[in-house]
Amino acid sequence: MSAYSEPREIDWLELMPAEDLALLENMPDVVHEGDGPPLLPDEIMTGRVVPEMADIEGRIPGFVVPLKTTKDMRILEFFLVPYYGACIHVPPPPPNQIIHIKYKQGFKLDALYDPVWVKGTLVIDRTETAVGTSSYSMVAKAVEPYEE
C-alpha cells in the first residue's frame, strides 16, 4: 500500500450489526407520539456495535452536530451522523449510527447541512451527552468538505 493511497472508506451500514439492520429493514411505520419527534423501536437504540470495526483506519462521510466550539466558532468536538438534521428535528439515529469526533485543530463549517469527510481511526467507545449517545468515536486526523 503506497503512502498516497486513499484511506479505506467506511460505510455507515458497516457500523450496524446484522440484527439491527434487520430491525430497520422490517420496521413498522414510525409512530408519532404527541408533538415530539417520531421514535425508533427501543431495541434498535441499544447501541450494539460491530467488533470487527474497532481500530479501522479510514474515512467516513457525514453531517456535523457540534458539541464543543471555540469563541471564533471553530468546531473541536462533534457527533458525526449519517443524515442532516439528526438529533435536531428527527429522531436521533441509533447510537451505532453516531460517531463522537474530537478534532484538536478544529474546523469551521459554513452551514450544518454541508457534509464533511472525517479521516481517522474508528474505535468502539460509548459517549453519552444531552444531545445523543454514540457507540463509536474517532480522533480526527482531518475534516474536509465532502466531495464525491
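Residues numbered from 1 in each chain as written. Predicted model: local features only at pLDDT ≥ 70, side-chain atom pairs only at ≥ 80, totals over all residues. Heavy atoms only, no water.

Some words on a nonpolar patch on the surface
Item 1. On the surface, Y84, L112 and Y113 cluster together into a nonpolar patch covering about 320 Å² of accessible area.
Item 2. Within the secondary structure layout, L112 lies in the loop between strand 4 (99-107) and strand 5 (116-128). (Patch = residues over 30% accessible without salt bridge, like charges linked within 9 Å, V, L, I, M, F, W, Y side chains within 5 Å. Areas by Shrake-Rupley, 256 points an atom, 1.4 Å probe, with all protein chains shown as cover. Salt bridge = Lys/Arg side-chain N within 4 Å of Asp/Glu carboxyl O. Helix = DSSP H or I, 4+ residues; strand = E, 2+ residues; numbered from the N terminus.)

Some details on the environment of W117
Item 1. On the secondary structure map, W117 appears in strand 5.
Item 2. The exposure class assigned to W117 is buried, which follows from its relative accessible area of 5%.
Item 3. Linking W117 and G62, residues 55 residues apart in sequence, is a C-alpha distance of 6.6 Å.
Item 4. There is a polar contact of 3.2 Å between the side chain of W117 and the backbone oxygen of E147. (Buried < 20%, exposed > 50% of the residue type's maximum accessible area, 1.4 Å probe, protein only. Polar contact = N/O pair within 3.5 Å; in protein donor to acceptor, adjacent residues only side chain to side chain.)

Concerning the nonpolar core
Item 1. Counting 23 residues, the largest nonpolar core has L15, F78, L80, I99 and V118 as the members making the most contacts within it.
Item 2. Mapped onto this core, the elements with two or more residues apiece are strand 2 (56-69), strand 3 (75-81), strand 4, strand 5 and strand 6 (133-145).
Item 3. In this structure F78 touches V64, V65, P66, L67, I99, H100, I101, F107, V118 and V143, once residues within four positions along its chain are discounted.
Item 4. V65, F79, V81 and I98 belong to the second-largest nonpolar core, a separate cluster that totals five residues. (Core = buried A, V, L, I, M, F, W, Y, C linked by side-chain atoms within 4.5 Å. Contact = heavy atoms within 4.5 Å.)

Points about the pattern of salt bridges
Item 1. Tallied over the entire structure, the rule returns nine salt bridges.
Item 2. Note that R59 is salt-bridged to E9, the shortest N-O span being 3.8 Å. Here R59, found in strand 2, pairs with E9, found in strand 1 (residues 8-9); they are 50 residues apart in sequence, far enough to count as distant.
Item 3. What makes R59 buried here is its relative accessible area of 14%.
Item 4. Judged by its relative accessible area of 48%, E9 is partly exposed.

Re the pairing of strand 5
Item 1. For strand 2 and strand 5, the ladder comprises seven bridges, and the chain directions are antiparallel. Looking at the pairing, E57 lines up with T121 of strand 5.
Item 2. Direction of pairing for strand 5 relative to strand 6: antiparallel, over a ladder of eleven bridges. The residue of strand 6 that forms the bridge with W117 is E144.
Item 3. Hairpin connection from strand 5 to strand 6: four residues lie between these consecutive antiparallel strands. (Pairing = 2+ DSSP bridges.)

Keep in mind these values describe shape, not function.
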